[in-house]
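Here are the chains, one letter per residue:
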Amino acid sequence: MAAASEGGPRTAGVRIGPVDLAARVDEALAVQAVAFGLGSEEVEVRRHIVLRHLDHPEARALGATTADARLVGFVYGMPNERGQWWSTVVEPYLRDTGRAHWLDDAFVVTELHVLPDFQNLGIGRALITTLTDAVGHPRSILSAIDTDSPARGLYRSLGYQDLARQVLFPSAPQPYAVMGAPLPLRRRSRGPGDMDFRPPAPPG
């Protein structure tokens, strides 16, 4: 993965930009553990999964970092491949709803997490839109716990729709929804609580 560079979007001292997530995997998992309520054993399992994902030649990752280089949020993803484990699990559910074609030529947003103290500032929105703006795919897909959560509200505001619900992953305690959106993701007018993210400056 590319090392972090200057010039990414900023708000309240937080910068969005490329990050070497493999090198900072323990920091990223600490963010995920707090944001997602993970125990130490699950963190260790996910550590191996994240590092395996980041070996993909087309994996992309962005981080949200403070002025003192603290990682407070991250997102990563990769192009979908039908043979990937996640894809094989969700395909039967999508086939049942007539939406299996969403798995083709799609970019999967694999993980998106922001520390609770930095949520509701537009950081998650900036992470996912900046990530998907840079990919050459016509659509994006992801999975989220199938509840009426702030995360699902964010995804819907970006144009994601439910493709399948009550999707069961092995060992996962709760069912998931698979969601998809055309790219680029939908933009909206900023509300009173949104911070002013600006796109990265052009290189050079």
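Here is what the cut-offs are and how they apply
- Residues numbered from 1 in each chain as written.
- Predicted model: local features only at pLDDT ≥ 70, side-chain atom pairs only at ≥ 80, totals over all residues.
- Heavy atoms only, no water.
- pLDDT = per-residue confidence, 0-100.
- Contact = heavy atoms within 4.5 Å.
- Axes fitted to C-alpha atoms, helices over the stretch in contact; angles between N-to-C directions.
- Helix = DSSP H or I, 4+ residues; strand = E, 2+ residues; numbered from the N terminus.
- Parallel < 35°, antiparallel > 145°, perpendicular 65-115°, else oblique.
- Left-handed = near helix turned anticlockwise from the far one by under 90°.
- Nonpolar A, V, L, I, M, F, W, Y, C, P; charged D, E, K, R; others polar.
- Phe/Tyr/Trp six-rings, centres within 6.5 Å; stacked < 30°, edge-to-face > 60°.
- Buried < 20%, exposed > 50% of the residue type's maximum accessible area, 1.4 Å probe, protein only.
- Polar contact = N/O pair within 3.5 Å; in protein donor to acceptor, adjacent residues only side chain to side chain.
- Salt bridge = Lys/Arg side-chain N within 4 Å of Asp/Glu carboxyl O.
- Pairing = 2+ DSSP bridges.
- Core = buried A, V, L, I, M, F, W, Y, C linked by side-chain atoms within 4.5 Å.

1. Comments concerning the confidence of the model for the chain
Parts of the prediction with low pLDDT should not have their coordinates interpreted in detail. Chain-level pLDDT for the chain is 87 on average; 86% of the residues reach the 70-or-more range. Note that pLDDT drops below 50 for residues 190-204; the model gives that stretch 27 contacts with residues more than four away or on any other chain.

2. A look at the packing of helix H1 (residues 25-36) against helix H2 (residues 40-54)
The relative placement of two packed helices comes down to the angle between their axes together with the axis-to-axis distance. Contact pair H1 / H2: the axes reach a minimum separation of 10 Å and the direction vectors enclose 130°. As far as their axial angle goes, H2 and H1 are oblique. For the pair H1 and H2, the sense of crossing is right-handed. Across from Val 25, Asp 26, Leu 29, Gln 32, Ala 33 and Phe 36 in H1, the residues of H2 making contact are Val 43, Arg 46, Arg 47, Val 50 and Leu 51. The residue inventory of the contact of H1 with H2, partitioned by class, reads seven nonpolar, one polar and three charged.

3. So, the packing of aromatic side chains
Counting across every chain of the model gives three aromatic pairs. Aromatic pair Tyr 155 and Tyr 160: ring centres 5.8 Å apart, planes at 65°, arrangement edge-to-face. Judged by its relative accessible area of 3%, Tyr 160 is buried. An aromatic cluster of three or more residues is present, and its members are Trp 85, Phe 169 and Tyr 176.

4. With respect to the side chain of His 137
As for its placement among the helices and strands, His 137 is situated in the loop between helix H4 (123-133) and strand E6 (139-145). On the accessibility criterion, His 137 (19% relative accessible area) is buried. Polar side-chain contacts of His 137 include one of 3.1 Å to the side chain of Asp 105. In this structure, His 137 is in contact with Pro 79, Asp 105, Ala 106, Phe 107 and Leu 183, ignoring residues within four places of it in sequence.

5. Examining the pattern of salt bridges
Summed over the entire model, instances satisfying the criterion amount to 13 salt bridges. Close ionic contact of Arg 187 with Asp 133 constitutes a salt bridge, the shortest N to O distance being 2.4 Å. Residue Arg 187 is located in the segment after strand E8 (176-182), and its partner Asp 133 is located in helix H4; the two are separated by 54 residues in the primary sequence. Taking relative accessible area as the criterion, Arg 187 reaches 46% and is therefore assigned partly exposed. Here Asp 162 makes a salt bridge to Arg 156, at a shortest N to O gap of 4.0 Å.

6. Notes on the pairing of strand E3 (residues 60-65)
The buried count for E3 comes to five of six residues, which makes it a mostly enclosed element. In terms of strand pairing, strand E2 (residues 14-18) meets E3 through four bridges, oriented antiparallel. The residue of E3 that forms the bridge with Pro 18 is Leu 62. Judged from the six bridges that link them, E3 and strand E4 (residues 71-79) form a sheet pairing that is antiparallel.

7. A few points about the environment of Pro 116
In this fold, Pro 116 is placed in the loop between strand E5 (106-114) and H4. Its relative accessible area of 41% is what places Pro 116 among the partly exposed residues. Along the chain, Pro 116 and Val 34 lie 82 residues apart, while their C-alpha atoms are 7.7 Å from each other. Setting aside chain neighbours within four positions, we find Pro 116 in contact with Val 34 and Ala 35.

8. Concerning the nonpolar core
The tendency in soluble globular proteins is for nonpolar side chains to be buried side by side. Counting residues in hydrophobic clusters, the biggest one holds 45 residues, and the most contacted among them are Leu 127, Ile 128 and Tyr 160. With six residues, E4 is the single largest residue contributor to this core. Those residues within four positions of Leu 127 in sequence are excluded, and the remaining contacts are Ile 16, Leu 62, Gly 63, Ala 64, Gly 73, Phe 74, Val 75, Leu 112 and Val 114. The next biggest cluster of nonpolar side chains, apart from the first, holds 16 residues, and it includes Trp 86, Leu 103, Ile 141 and Ala 164.

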